[in-house]
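If you want the building blocks of each chain, they are given just below.
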Amino acid sequence: MLSAIGRAFRTPDLRRKLLFTLAIIAIFRLGAFIPSPGVDYHNVKTCLSPQVQGEQTGIYQMLNLFSGGALLQVSVFALGIMPYITASIIVQLLRVVIPRFQELYDEGQSGQTKLTQYTRYLTIALGLLNATTLVSLVRSGQLFPNCQLPIIPDTSIIATILVVITLTAGTGLIMWLGELVTEKGIGNGMSLLIFTSIAAQFPSSLGAIWTSKGPGTFFIVLVIGLITMALVIFVEQSQRRVPVQYAKRMIGRRTVGGTSTYIPIKVNMAGVIPVIFASSMLYLPALVAQFNTPHDGSAPAPWVEWINNNFTRGDHPVYMVAYFLLIIFFTYFYVAITFNPEEVSDNMKKYGGFIPGIRAGRPTADYLQYVLSRITLPGSLYLGIVALIPLIALVLVSANQNFPFGGTSILIVVGVGLETVKQIDAQLQQRHYEGLLR
């Protein structure tokens, strides 16, 4: 392993890409600790102390995870990569609704370049919206409900606009850094920045478990984490390979085709998107109940009280069941949008490909849909179980707040890590005929 890493750094081209990627990651992490103008950093640190903060749940916990802890510090990179992720998902979903977007996607590189440009514009718009929302939460005291210290002491319009512009500019800079890594570094830049944000939380989370729960709970969490990571790697690498045969064709004097290949249908084709969707949807009832809670001390409506009792605590059975079912639903929903059996069948038919024993055209599309629906079920159950691991940890060892090995975090870390290692391995094989791992 060490010799393989040495070979990677001894290769000038690969070394330049690796060092460039590491430099961008260092800049990204540095921005997470630079406070926004007008923010009282001393009050922020006081409100972030465990004695004051308590347990962060819901959408704040996820956003803080994706920003590498920068959200609750209200730093220049507080919004993290989430506006870009949201914009990418919206543009991808709009391909189903807006025919023009699908036409651009089908045009190839030129059309996809325009879609990327639309994604950038939407990212800045969402960044502006999220920045305004974050500043409103900070000024109203809802970001730190247990802390009444002023995070932004200057409440003037100019100071507020300056903070909003800084946070939006931070989102644009993160997007640019991610694209630089994709273009000149190793791996997908946006994915690596998310990986960095999540991995940066692991040491502090494990240290907090050691301090608050003792070494016994710490080692239990560590063992559970290693087992979970091994199982996630096994499932993420699992796929159903549908064989495809291409018929021989004569083009001029050359014989083309006659090869065999396969369509890899992964068990988890949806990735981490269903978990994000389900978490966001479960936060909506709590948000509606929060706006309908009376502030004069009177008793809230029965439905508000029921939501507060069942949908604001991650260890409640109703919350767990709803979370699990929503993940299954969004897995099927997202896979149905991103994988079109009819489109795959038409492309195969166009180039003379067929599945052995299945007629080309509509029967091939039906067969692919059948395989997809069957393999998505274990994939959705797997996602639901992995996402529930932190909530189960809350019940068993009371470590949900600092439990790093589960849910969204472990899926992203493993997925991005595997993809980056594959890219480094491919580049090493091109130069040395020997990969990173033997």
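Quick notes on the rules
- Residues numbered from 1 in each chain as written.
- Predicted model: local features only at pLDDT ≥ 70, side-chain atom pairs only at ≥ 80, totals over all residues.
- Heavy atoms only, no water.
- Helix = DSSP H or I, 4+ residues; strand = E, 2+ residues; numbered from the N terminus.
- Buried < 20%, exposed > 50% of the residue type's maximum accessible area, 1.4 Å probe, protein only.
- Contact = heavy atoms within 4.5 Å.
- Areas by Shrake-Rupley, 256 points an atom, 1.4 Å probe, with all protein chains shown as cover.
- 1 Å grid on protein atoms, 1.4 Å probe; cavity = no way out; pocket = protein on both sides within 12 Å on 5 of 7 lines; lining within 4 Å.
- Points joined across faces, edges and corners; volume = space filled by probe spheres on them.
- Salt bridge = Lys/Arg side-chain N within 4 Å of Asp/Glu carboxyl O.
- Pairing = 2+ DSSP bridges.
- Core = buried A, V, L, I, M, F, W, Y, C linked by side-chain atoms within 4.5 Å.
- Axes fitted to C-alpha atoms, helices over the stretch in contact; angles between N-to-C directions.
- Parallel < 35°, antiparallel > 145°, perpendicular 65-115°, else oblique.
- Left-handed = near helix turned anticlockwise from the far one by under 90°.
- Nonpolar A, V, L, I, M, F, W, Y, C, P; charged D, E, K, R; others polar.
- Patch = residues over 30% accessible without salt bridge, like charges linked within 9 Å, V, L, I, M, F, W, Y side chains within 5 Å.
- Arc of directions from axis to C-beta.
- Expected span 1.5 Å × (residues − 1).
- pLDDT = per-residue confidence, 0-100.
- Phe/Tyr/Trp six-rings, centres within 6.5 Å; stacked < 30°, edge-to-face > 60°.

**Regarding the overall build of the chain**
Helix and strand content of the chain: 19 helices and 5 strands. Taking all 438 residues of the chain together, 45% fall into the buried category. Looking at the chain alone, contacts between residues at least 24 apart form 70% of all its contacts between residues at least 6 apart. Accessible area for the chain stands at about 22600 Å²; split by element, carbon and sulfur atoms hold 64% of it.

**As for empty space enclosed by the protein**
Considering all chains together, one arrives at 1 cavity of 30 Å³ or more under this definition. The computed volume of the largest cavity comes to approximately 30 Å³. For the largest cavity, the full set of lining residues is V267, N268, M269, A270, T331, V335, T376, G379 and S380. Looking at the lining of the largest cavity, the elements with two or more residues in it are α16 (317–338) and α18 (362–397). Broken down by element, the residue count for the lining of the largest cavity peaks at 3 residues, all from α18.

**Quick word on the pattern of salt bridges**
Per the counting criterion, the structure on display carries 7 salt bridges. Here R100 and E103 are joined by a salt bridge, their closest N and O atoms 3.7 Å apart. Here R100 and its partner E103 are both found in helix α8 (residues 99–106), 3 residues apart, which amounts to about one turn of the helix. Looking at R100, the relative accessible area reads 41%, which means it is partly exposed.

**Side note on the pairing of strand β1 (residues 239–246)**
The sheet contact formed by β1 and strand β4 (residues 260–266) spans 7 bridges and is antiparallel. Counted as the bridge partner of R241 is P264 from β4. As paired elements, β1 and strand β5 (residues 353–354) share 2 bridges and run antiparallel to each other. Residue pairing for β5: Y246 is matched across the bridge by G353.

**As for the nonpolar core**
Ranked by size, the top nonpolar core spans 67 residues in total, and within it I81, V275, Y323 and L411 carry the most contacts. One finds L48, L79, L137 and V138 within the second-largest nonpolar core, a separate group that totals 22 residues.

**Concerning the packing of helix α2 (residues 12–31) against helix α11 (residues 189–199)**
Look at α2 against α11: their axes get within 10 Å of each other, and the N-to-C directions meet at 55 degrees. Classified by the interaxial angle, the pair formed by α2 and α11 is oblique. The two elements α2 and α11 meet at a crossing, and its hand is right-handed. Packed against α2, whose contacting residues are T21, I25, F28 and R29, the element α11 presents L192, L193, T196 and S197 at the interface. In terms of residue class, the contact of α2 with α11 is built from 4 nonpolar, 3 polar and 1 charged.

**With respect to a nonpolar patch on the surface**
Together, I5, F9, L19 and L22 make up a nonpolar patch on the protein surface, roughly 340 Å² of accessible area in all. Every element with two or more residues in the nonpolar patch is listed here: α1 (2–10) and α2.

**Describing helix α15 (residues 302–310)**
Among all positions of α15, only V304, I307 and N310 are buried. Projection of α15 onto a plane perpendicular to its axis shows the buried side chains occupying an angular sector of 145 degrees, all on one side.

**Things to note about helix α12 (residues 202–213)**
For α12, with 12 residues, the first-to-last C-alpha span of 16 Å sits near the 16 Å given by 1.5 Å per residue. Taken as a whole, α12 has its buried residues at F202, S205, L206 and I209. Down the axis of α12, the sector holding all buried residues measures 95 degrees, keeping them to one side. Of the exposed residues in α12, those oriented more than 90 degrees away from the buried face are P203 and T211. Trailing α12 by a residue or two, G214 shows a phi angle of about 95 degrees, which is positive.

**As for the confidence of the model for the chain**
Residue-level pLDDT values for the chain average 79, and 83% of them are 70 or greater. Looking over the chain, one finds the lowest element-wise mean pLDDT in helix α4 (residues 50–53), namely 51, and the highest in helix α10 (residues 157–184), namely 90.

**Remarks on the packing of aromatic side chains**
Within the structure shown, the criterion is met by 7 aromatic pairs. Ring geometry for F28 against F77: centres 6.0 Å apart, planes inclined by 25 degrees, an arrangement best described as stacked. With F28 in helix α2 and F77 in the loop between α6 (70–73) and α7 (82–97), this pair connects stretches of sequence that are 49 residues apart. Here F28 matches F77 in class, with each residue buried. Measuring from centroid to centroid gives 6.3 Å for F329 and F333, while their planes differ by 15 degrees, and the two rings are stacked.

**Let's talk about the sheet that holds β5**
If you trace the 3 strands from one edge of the open sheet to the other, you get β4-β1-β5, paired in antiparallel fashion. Two strands lie at the open edges of the sheet, namely β4 and β5, each paired on one side alone.

**Some details on the packing of α2 against α10**
Each pair of packed helices can be summarised by the angle the axes make with each other and by the distance between the axes. Viewed as axis vectors pointing N to C, α2 and α10 meet at an angle of 170 degrees, and their least axial separation amounts to 9 Å. By the angle between their axes, α2 is roughly antiparallel relative to α10. Contacts from K17, F20, T21, I24, I27 and F28 in α2 reach I174, L177, L180, V181 and K184 in α10. Here the residues of the contact of α2 with α10 are counted per class, giving 8 nonpolar, 1 polar and 2 charged.

**Considering the environment of L71**
By the secondary structure assignment, L71 is in helix α6. When its relative accessible area of 6% is taken as the criterion, L71 is described as buried. Separated by 63 residues in the primary sequence, L71 and L134 place their C-alpha atoms 8.7 Å from one another.

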